[in-house]
Structure formats: structure tokens, C-alpha cells
Amino acid sequence: MLFSICIPSYNRPVELLRLLQSIDMRDSRRVEIIICEDHSPKRLAIRDIVNNFQKNSEYKVRYIENEKNYGYDRNLRELLHYAQGEFVVFMGDDDAFAAGGLDKMADFIEKNKSHDLGYILKTHLLIHDNQGTEVFRYFPESKIFSPGEDACHLLLRRSVFISGFIIRRKYALDYMTEIFDGTLLYQLYLLAEVVMKYPSAYYDQPLTMQYKEGIPLFGSSESEKKLYDPGVISIKNSLNFMSGFFKISEYMDDKYSMHLTQHLRREISKYSYPVLSIQRGHGRTHFRQYTRQLGQLRINGTIYYYIYWLALYIFGVRICDHIIFKVKKIIGYTPQL
């Protein structure tokens, strides 16, 4: 079996059904679907959705209900524990697969079988509220990376979006740990460890679709409730999420005597538009307060950060989003700064 599609599910039955219906791999024997429901208020509705899907699906589906709310990071470990495929494909329950994306990814893996890939960065589509489609393509073409610090530098920041996160299961199982619970970034720790030891890749065809809708639901579990307030995108939530990056990078620096944190701060600064724009919609006063606190994380070390800040402060998110959307559409991929 090639893929284990692993879905951490919490309180989104309608969106989960959309995801399940988007799975379209030609050979159903090459894929399994694993859903870990994390003790949400809508558990019964989710159970019904999965049961009905199982009855009418040719895919192997495993459904697990957690005995309590484990939280995002532990739920990823639960999914890894149950998975049996060669590669794990993590999917957020409110996203979906691009048509034909799984088969194209399977072909890419087969063509590069000799590389023994440990991790694959995917391309994805962002579906805006107005149904406009933004492509997140990180390099001009597909490529292979040798194991080591350079791969870690290149891939860590670009791999935050969970849906379509592909990692070889047997390598990821070596790094089951609780120390990053609450960061919402456990998958990045897995990536960092795996790409230090094994070849990795980027594939330039879209695998998943992210919908720009809904609200975050983190903050209900014991590991998350001190860090996140559910249902809002607050300054506290944003800052704690950003801090999670550096908890992982500092751990890796200590373990491997490298300079990942220094590099990551500069990378986040150069591509800090999403980090900044997430709080701009609450007004200029709120935005100033947020960026003052953001500065304490020392990601304001490049001219790009101040260009984004000034543009957002003057023009707001809608106009800036439109400009970035147009630039990326012309170039065809995220510019390398």
C-alpha cells in the first residue's frame, strides 16, 4: 500500500465529507483512509458521515474515536500509529485533494524510487472566498534534495500547511515525542529529523486545495488551552503559533549543532506577509500592537518585512492580497527572495 491518508478530525462533518469525496486515486488498493475523531461536540455527525462513506466507498477506511480530546499534535501521532502505508499523507479535515493529484504524486514517487525519499513537499491551491484560485508553487520545477542542513533550511518554512504533508511512515515513527505538543507544528519536527538523514523532494503539480474559510478550533485540549483561544485569530494565538517554530528549530540546533533558528528567522522575515496580514483586519491600532510583540521574536530583520508592514498599514489586506495574487500568477510560483 502506497498511501495512508491520515485525517485528524474535529467538529467539521460537512467539510470532512467534502474531503472524503475528493479522494480519487485510480487503484483503490494503493490507498487507505484513517480518521481520528478527537472527541468533538459533533462526534455523532462525524461518525454518521464516515459510516455512510464507508458503505459506498471502494477504499479501505479506518475510523477511530479518541477517548478524550488529545489535541492536534498528539492526534497526528495517533494517526501515525494506525497507518500502514509506505507514505503518510496528512490532511486537514477542512481541505480537499486536487483532481488527479494523488495519482500524479504516486507517479512522481515511482519515477524517483531510487532516491528513497523521506519527505515530499507538495504544491497546493488556495481557494479564495470569491472562488479565485491562488497557486502555491515553491520552486520553478520539481527537484530532489540531498539530506542535511540545507534541505532543512529550504523545506521547513515552506511545509507549514498540513494538508498534503507527505512523509515516509517508517522514518517518521522513529521520532514519536510529546515535547512539541501544543505547538500545532509536530509535523515540522518530523520533517526536520527526516530530511537531515534521508533525501527529500519538491513536486510541482498541485496535490491539495485549501479553502480560505472557517475559523481555527485549536485550544480545547489540555496541551493547547493555555496557548490558544478556540474560534478566534487573536494576537496571543498568532504569537504562540510563531513561537512553536523556534521551539523546534532551537531543539534541532542543539541536537545537530547547526544554525536553523538563525536561518528560519530570516526566511520568515523575507516571507512574513501571511504572518503580518493575519492580524491587519482588526484595524491599525491592533496591527501596531501585534507587530510590536512580533518584533520580540526577531523576525523583523529584513527590508521585506517593513515593505509588507507599510503596505498593509496603508492599503489593508484586500488590496495587498490582490497585488500578491497577481504577481504570483504572472511569475507562476512564489518568488525566491
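Structure first, text after, so check above.
Computed from a predicted model, the values in this text were never measured in an experiment.

Basis of the calculations
- Starting afresh in each chain, residues are numbered from 1 along the sequence in its written order.
- Totals for whole chains, interfaces and linings use every residue, but because this is a predicted model, local features are given only for residues with pLDDT of at least 70 and side-chain atom pairs only at 80 or more, for both listing and counting.
- Where side-chain values are given, they derive from all heavy atoms of the structure, hydrogens and water being excluded.
- Per the convention used, a helix needs a DSSP run of H or I reaching at least four residues, while a strand needs a run of E reaching at least two, with both numbered from the N terminus.
- Any pair of nitrogen or oxygen atoms within 3.5 Å is treated as a polar contact; in protein, a donor-acceptor pairing is required on top of that, and neighbouring residues in sequence qualify only through side-chain atoms on both sides.
- Only heavy atoms enter the contact rule, under which two residues are in contact if any of them lie within 4.5 Å.
- Exposure classes here rest on a 1.4 Å probe applied to the protein chains alone. A residue is buried below 20% of its type maximum, exposed above 50%, and partly exposed in between.
- Angular values range over 0 to 180 degrees, each being the angle between N-to-C directions of two axes fitted as lines to C-alpha atoms, with helices fitted over their stretch in contact.
- For classification, angles of less than 35 degrees are called roughly parallel, those exceeding 145 degrees roughly antiparallel, those between 65 and 115 degrees roughly perpendicular, and all remaining angles oblique.
- Each residue gets one label: Ala, Val, Leu, Ile, Met, Phe, Trp, Tyr, Cys and Pro are nonpolar, Asp, Glu, Lys and Arg are charged, and the others, such as Gly, are polar.
- Side-chain atoms within 4.5 Å are what join buried Ala, Val, Leu, Ile, Met, Phe, Trp, Tyr and Cys residues into a set we call a nonpolar core.

Caption draft 1: Expanded view of the side chain of Ser221. Position of Ser221 among the secondary structure elements: in the loop between strand E10 (200-211) and helix H8 (235-256). A distance of 3.2 Å separates polar atoms of two side chains, one belonging to Ser221 and the other to Ser223. Contact partners of Ser221, with chain neighbours within four places excluded, come to Asn69, Tyr70 and Gly71.

Caption draft 2: Here's a closer look at the side chain of Thr208. Secondary-structure assignment places Thr208 in strand E10. Judged by its relative accessible area of 0%, Thr208 is buried. Those residues within four positions of Thr208 in sequence are excluded, and the remaining contacts are Met91, Ala96, Phe97, Ala98, Lys122, Thr123, His124, Leu125, Phe161, Ser163 and Gly164.

Caption draft 3: Layout of the packing of helix H3 (residues 72-82) against helix H7 (residues 186-197). Between H3 and H7, the shortest axis-to-axis distance is 8 Å and the interhelical angle comes to 55°. As judged from the angle between their axes, H3 and H7 are oblique. Taking contact as the criterion, the partners of Tyr72, Asp73, Leu76, Arg77 and Leu80 in H3 are, on H7, Tyr186, Gln187 and Leu190. Of the residues in the contact of H3 with H7, the class split is five nonpolar, one polar and two charged.

Caption draft 4: Fine view of the nonpolar core. Ranked by internal contacts, the top residues of the largest apolar core, which has 66 residues, are Phe90 and Leu294. Top element by residues in this core is H7. It accounts for nine residues. Dropping the residues within four chain positions of it, Leu294 is found in contact with Leu239, Met242, Val275, Leu276, Ile299 and Tyr305. Grouped together as the second largest cluster of nonpolar side chains are 34 residues, Ile35, Ile49, Met91 and Ala106 included.

Interpretation note: all reported values are geometric properties and have no functional meaning in isolation.
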